[in-house]
Amino acid sequence: EAQVTQNPRYLITVTGKKLTVTCSQNMNHEYMSWYRQDPGLGLRQIYYSMNVEVTDKGDVPEGYKVSRKEKRNFPLILESPSPNQTSLYFCASSFRLDRDPWTEAFFGQGTRLTVV
Amino acid sequence: AQKVTQAQTEISVVEKEDVTLDCVYETRDTTYYLFWYKQPPSGELVFLIRRNSFDEQNEISGRYSWNFQKSTSSFNFTITASQVVDSAVYFCALSEFGANNLFFGTGTRLTVIP
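Per chain, residue numbering runs from 1 following the sequence as it is written. Chain letters start at A and ligand numbers start at 1, both assigned in the order the entries are written. Where local features are concerned, this predicted model is filtered to residues with pLDDT of at least 70; where side-chain atom pairs are given and counted, the filter is 80 or more; whole-chain, interface and lining totals use all residues. The side-chain numbers reported here are obtained from all heavy atoms of the structure, hydrogens and water having been left aside.

A. Representation of the sheet that holds strand 8 (residues 76–78) of chain A within the structure. Residue and element names in this part refer to chain A. We call two strands paired when DSSP finds no fewer than two bridges between them. Only DSSP runs of H or I with at least four residues qualify as helices, and only runs of E with at least two residues qualify as strands; both kinds are numbered from the N terminus onward. The 4 strands are arranged 1-3-8-7 in an open sheet whose pairing can be described as antiparallel. Edge positions in the open sheet fall to strand 1 (4–7) and strand 7 (65–66), since each of these has one partner strand only. Here strand 7 runs beside strand 8; their pairing, made up of 2 bridges, is antiparallel. Directly across from K65, in strand 8, lies its bridge partner I77.

Below, the structure is given as structure tokens:
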């Protein structure tokens, strides 16, 4: 089954404690991206990756890091989480955007993060 | 710059009523893509439709229909004979060709009252 898998689904952590949210896709997609969803703001892009070892900032990258060492995985790293990073996070993947963009865009189930 | 406006923050309807969710977009590109996603209470994002800027045909899928009008930069979504299971947050989104982002509106929360 084609899917994007995020882990964990729910996480409560304390300020300053480093954490990683994993994202894995099984569709051989080149493009992967992270979004955060906040009330009244919709979804906003944090980082994206066009392919292995190619990553770039989205609209709200501050306080986040990513890596793309393998095509299937795109972890989101919060080195020193703060309460303003409490949010619902989504990972997305798609085939190359310069072909037929987002025709088969998949989103993970979401990770609800609370930083206290 | 691209922008998606969903002016309706919350809508409540009684079951079996028809409801239209509005989406107005801004883009300078001639090639772009419009989307609707559904987010049920469980939280996941469910893809509903993708429409490219060269295809202004309206689309119907069961009780769902979409009206794309380039003249008014709108891509509205109508649910006919609404059901309780339609209760969700609905997002309209835009992607310009070659862009690395899917740009979302702020969403409309639809509540269908039995």
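Structure shown, so let's carry the discussion forward.
B. Quick look at the side chain of Q8(B). All names here are of chain B. Here Q8 is to be found in the loop between strand 1 (3–5) and strand 2 (10–14). Buried residues are those whose accessible area, probed at 1.4 Å on protein chains only, stays under 20% of the maximum for their type, while exposed residues exceed 50% and partly exposed ones sit between those limits. For Q8, a relative accessible area of 19% corresponds to the buried category. Engagement of the side chain of Q8 in a polar contact is seen with the backbone nitrogen of D22, the distance being 2.7 Å. Two residues qualify as a contact provided that any one of their heavy atoms is within 4.5 Å of a heavy atom in the partner residue. For Q8, the residues in contact, after removing those within four places along its chain, are T20, L21, D22, G107 and T108. We define a polar contact as two N or O atoms separated by no more than 3.5 Å, with the added condition that, inside protein, one atom must be a possible hydrogen donor and the other a possible acceptor, whereas residues neighbouring each other in sequence contribute only through side-chain atom pairs.

C. Focus on unusual backbone geometry. The omega torsion across N7(A) and P8(A) is -5°, close enough to zero to call that bond cis. Looking at the secondary structure, you find P8(A) in the loop between strand 1 and strand 2 (10–13). One non-glycine residue, E53(A), lies in the positive phi region at around 65°. The exposure class of E53(A) is exposed, given its relative accessible area of 61%. A positive phi angle is found at A81(B), which is not glycine, with a value near 50°. In this structure, A81(B) sits in the loop between strand 9 (74–79) and strand 10 (88–96). In this structure A81(B) comes out as partly exposed when scored by relative accessible area, which is 30%.

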